[in-house]
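# An overview of the molecular structure
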Amino acid sequence: MPPFSWPWEPRLLLFLAVLAVGYGLAVGPLRARLAPTGTPFPRKEAVTFAAALGLLYLTLGSPLHTISAHYLFSLHMVQHNLLIFAVPPLLLRGVPGWLWDRWLRPASARAVARFLTKPIIVFLVFNLVFDGWHLPALYEQALRHPVLHDVQHLSFLVAASLMWWPLLNPSTRLLRPSFGAQLVYVFLLSVSQMVVFGFVTFASHPLYPTYAAAPRLWGISPLNDQQFGGALMNIGGTIAFLTALGVAFFRLVKAENEPPPPPRFSAHRLN
């Protein structure tokens, strides 16, 4: 396949269409049933969600996907960075808080969500998915089987969405960890990435046969391509986590500087 060709991805288009239609129904015709009375159309969230879908299409349905799958490991890491550090936060923030609250109204749903979004659980799930898919054997199988490649990308999206939840939780039904806990959480996530980063970046030989045998683009050798991809992986995560911490810090400062709510007085009968 020519490197700059646009791939035909019907499964991706169907996935995006289902997300777009479901979201449109929830915030449009069904808003009167799902949201509190008088809730306006969430314009900012809708734009954010649309941006997430557009970015997801460019990530998986553009020449970036063609080059990633057939030519350069480094651009595959760009693709994975977008799937993990860019698209999931946009998806989470694009869904209005009232819609998350509606989904989490049943006690059973809250119990499941509370367990799945515990920092220790999402830390383990994310690293299992992230580390596992970068093992050469699994990585090569995904490159050679399109359906398995789709499963890989979907698992990145799901695991990354869970990973971002403790930092971006927009629901009032689930508590967000304290800033101190978020700081420790992000630090551990950053450290855990070093395992794959070191494995890929400092290997003495190409780890992935597909890229070792691929036609060379722009004169980049297989080993340099792999080292560059590992560096991009680390840089992407560092930027994303530092940004998240910055947002959490300014949110904390804003909350501390806001005046406390007025006290509530209860009426007492005078004797």
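Our subject is the structure listed above.
Below or above, wherever it landed, is the structure these notes cover.

Thresholds applied
Residues numbered from 1 in each chain as written. Predicted model: local features only at pLDDT ≥ 70, side-chain atom pairs only at ≥ 80, totals over all residues. Heavy atoms only, no water. Phe/Tyr/Trp six-rings, centres within 6.5 Å; stacked < 30°, edge-to-face > 60°. Helix = DSSP H or I, 4+ residues; strand = E, 2+ residues; numbered from the N terminus. Buried < 20%, exposed > 50% of the residue type's maximum accessible area, 1.4 Å probe, protein only. Polar contact = N/O pair within 3.5 Å; in protein donor to acceptor, adjacent residues only side chain to side chain. Salt bridge = Lys/Arg side-chain N within 4 Å of Asp/Glu carboxyl O. Contact = heavy atoms within 4.5 Å. Axes fitted to C-alpha atoms, helices over the stretch in contact; angles between N-to-C directions. Parallel < 35°, antiparallel > 145°, perpendicular 65-115°, else oblique. Left-handed = near helix turned anticlockwise from the far one by under 90°. Nonpolar A, V, L, I, M, F, W, Y, C, P; charged D, E, K, R; others polar.

### Considerations on the packing of aromatic side chains
A full pass over the atoms with the stated rule returns 14 aromatic pairs. An angle of 20 degrees between the planes, with centres 5.6 Å apart, marks the rings of Phe126 and Phe130 as stacked. Placement of both Phe126 and Phe130 in helix H8 (residues 119–133) is noted, with a separation of 4 residues, approximately one turn of the helix. Taking the relative accessible area as the measure of exposure, Phe126 reaches 2% and is therefore buried. Ring plane angle 80 degrees and centroid distance 5.8 Å describe the contact between Phe197 and Phe202, whose orientation is recorded as edge-to-face.

### Describing the side chain of Asn127
The topology assignment puts Asn127 in helix H8. For Asn127, a relative accessible area of 9% gives the class buried. Among the polar contacts listed, one links the side chain of Asn127 to the backbone oxygen of Phe123, at a separation of 2.7 Å.

### Focus: the pattern of salt bridges
Counted according to the given criterion, the structure contains 2 salt bridges. One salt bridge in this structure joins Asp150 and Arg11, with 2.4 Å as the shortest N-O distance. Pair noted here: Asp150 is in helix H10 (residues 146–168) and Arg11 is in helix H1 (residues 10–27), with a separation of 139 residues, a long-range link. The exposure class assigned to Asp150 is partly exposed, which follows from its relative accessible area of 26%. Classification of Arg11 by relative accessible area gives partly exposed; the value is 42%. Among the salt bridges present, the one from Glu140 reaches Arg144, with a minimum N-O distance of 3.1 Å. One end of the pair, Glu140, and the other, Arg144, are both in helix H9 (residues 136–144), 4 residues apart, so they sit about a helical turn from each other.

### Observations regarding the environment of Val27
Tracing the backbone through its elements, the reader meets Val27 in helix H1. Its relative accessible area of 2% is what places Val27 among the buried residues. Distance from Val27 to Glu45, taken between C-alpha atoms, is 9.7 Å for residues 18 residues apart in sequence. Every residue in contact with Val27, bar those within four places of it in the chain, is listed here: Phe41, Pro42, Pro96 and Trp98.

### Some points on unusual backbone geometry
If you check the backbone angles, Trp218 has positive phi at about 60 degrees while not being a glycine. Within the secondary structure, Trp218 is located in the loop between helix H12 (209–213) and helix H13 (222–257). The exposure class assigned to Trp218 is exposed, which follows from its relative accessible area of 56%.

### Quick notes on the packing of H8 against helix H11 (residues 179–201)
With their axes 11 Å apart at the nearest point, H8 and H11 run at an angle of 20 degrees to one another. Accordingly, the angle class assigned to the pair H8 and H11 is roughly parallel. Note on packing geometry: the crossing formed by H8 with H11 is right-handed. Residues Pro119, Val122, Phe123, Phe126, Asn127, Phe130 and Asp131 of H8 form the contact with H11, whose participating residues are Tyr185, Leu188, Leu189, Ser192, Gln193 and Val196. Looking at the contact of H8 with H11 residue by residue, the class counts come to 9 nonpolar, 3 polar and 1 charged.

It is worth stressing that arrangement in space is one thing and function is another; only the former is reported here.
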